[in-house]
Structure formats: structure tokens, C-alpha cells
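Analysis of the macromolecular model
The chain contents come next:
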Amino acid sequence: MIATVKWLDGMRFVGTSESGHAMVMDGDNPGTGPSPMEMILMAVGGCSSVDVVSILQKARQDVQSCEVEIKGTRADDIPRVFTEIELVFVITGREVQAKHVERAVNLSMEKYCSVSKMLEKATPVRHSFRIVDLP
């Protein structure tokens, strides 16, 4: 896997993946795109969501939505690394069973999500979930 990052202007950069997808990052706060640290949070949320949705679909759960609320706490001093990351999975659907959601989230965070497994070597990564039942 390879990627490139190219300076655009100011503190804006465009990252391009090997598959040809591009995303603008911005080091200014606020900027015109996510910061590199924000992208780390989005990466762990995206990686784990793919797992959770896939596992729940295989368990034949009627999932209508999967959203992850991600909070990264950062150190006060430079380098401002994450000192803790917390993910809350919000699963919306009809008669979705908690045992299946718990299993899917645990499998993702403890086994399948490469981003989470990499980040947990540097900082605690906590996770939980809640279910929103549709009528």
C-alpha cells in the first residue's frame, strides 16, 4: 500500500491513495479540510464501521444506520498525541439484538480493525455501543 501527500498552499495538502482517491487535509484551525489528527479519528471510525456493519448483516440484523461518535483526547504538550480514544457505535434498526451488536463491536475492535489495533499500541482505545430501535 502506498500514498502520496502534496502541498497545495498555506497549510493545505492533498493526500492521494494508491487506488486514486484524494482528500484535502488542512493544518490550519479551522481549515478547509480535516486536520491529519482528525483523519486518524475518521480512519478508526471508518475501519471499525465496515467490520460492524458486515458482521451485523451476516447475523441478519435489520440495521438501517451505523454511526460512530469518536472522541480523541490529546496531550497538552507537543507532540499533541492522542492520550485516549473513545468510540461509541450508534446502531439504528428494527429489533436489532444487543448480543449481536456487542459481538460485532468487540470483534471489530479486538480482532479485525487494523487501525484500532495499531492505535492501541500507543494509546488506550475504548468502545461502547447503543441501539436505537425503529418502530
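The structure this text deals with has already been given above.
Parameters and conventions
- Residues numbered from 1 in each chain as written.
- Predicted model: local features only at pLDDT ≥ 70, side-chain atom pairs only at ≥ 80, totals over all residues.
- Heavy atoms only, no water.
- Pairing = 2+ DSSP bridges.
- Helix = DSSP H or I, 4+ residues; strand = E, 2+ residues; numbered from the N terminus.
- Axes fitted to C-alpha atoms, helices over the stretch in contact; angles between N-to-C directions.
- Expected span 1.5 Å × (residues − 1).
- Contact = heavy atoms within 4.5 Å.

**Focus on the sheet that holds strand 2 (residues 12–17)**
Ordered in space as 1-2-3, the 3 strands form an open sheet in which the pairing is antiparallel. Across the chains shown, the open sheet's two edge strands, defined by having one partner strand only, are strand 1 (3–9) and strand 3 (22–26). Between one strand and the next, the sheet's axes are offset by a mean angle of 25°, whatever the strand orientation. Examined bridge by bridge, strand 1 and strand 2 share 6 bridges and lie antiparallel to one another. Considered in strand 2, the bridge of Ala-3 is made with Ser-17.

**Some words on helix 2 (residues 98–112)**
In this model, helix 2 (15 residues) spans 20 Å end to end at C-alpha, consistent with the 21 Å of a helix rising 1.5 Å per residue. Where helix 2 is buried, its residues meet helix 1 (36–58), strand 5 (82–94), helix 3 (114–119) and strand 6 (125–133).

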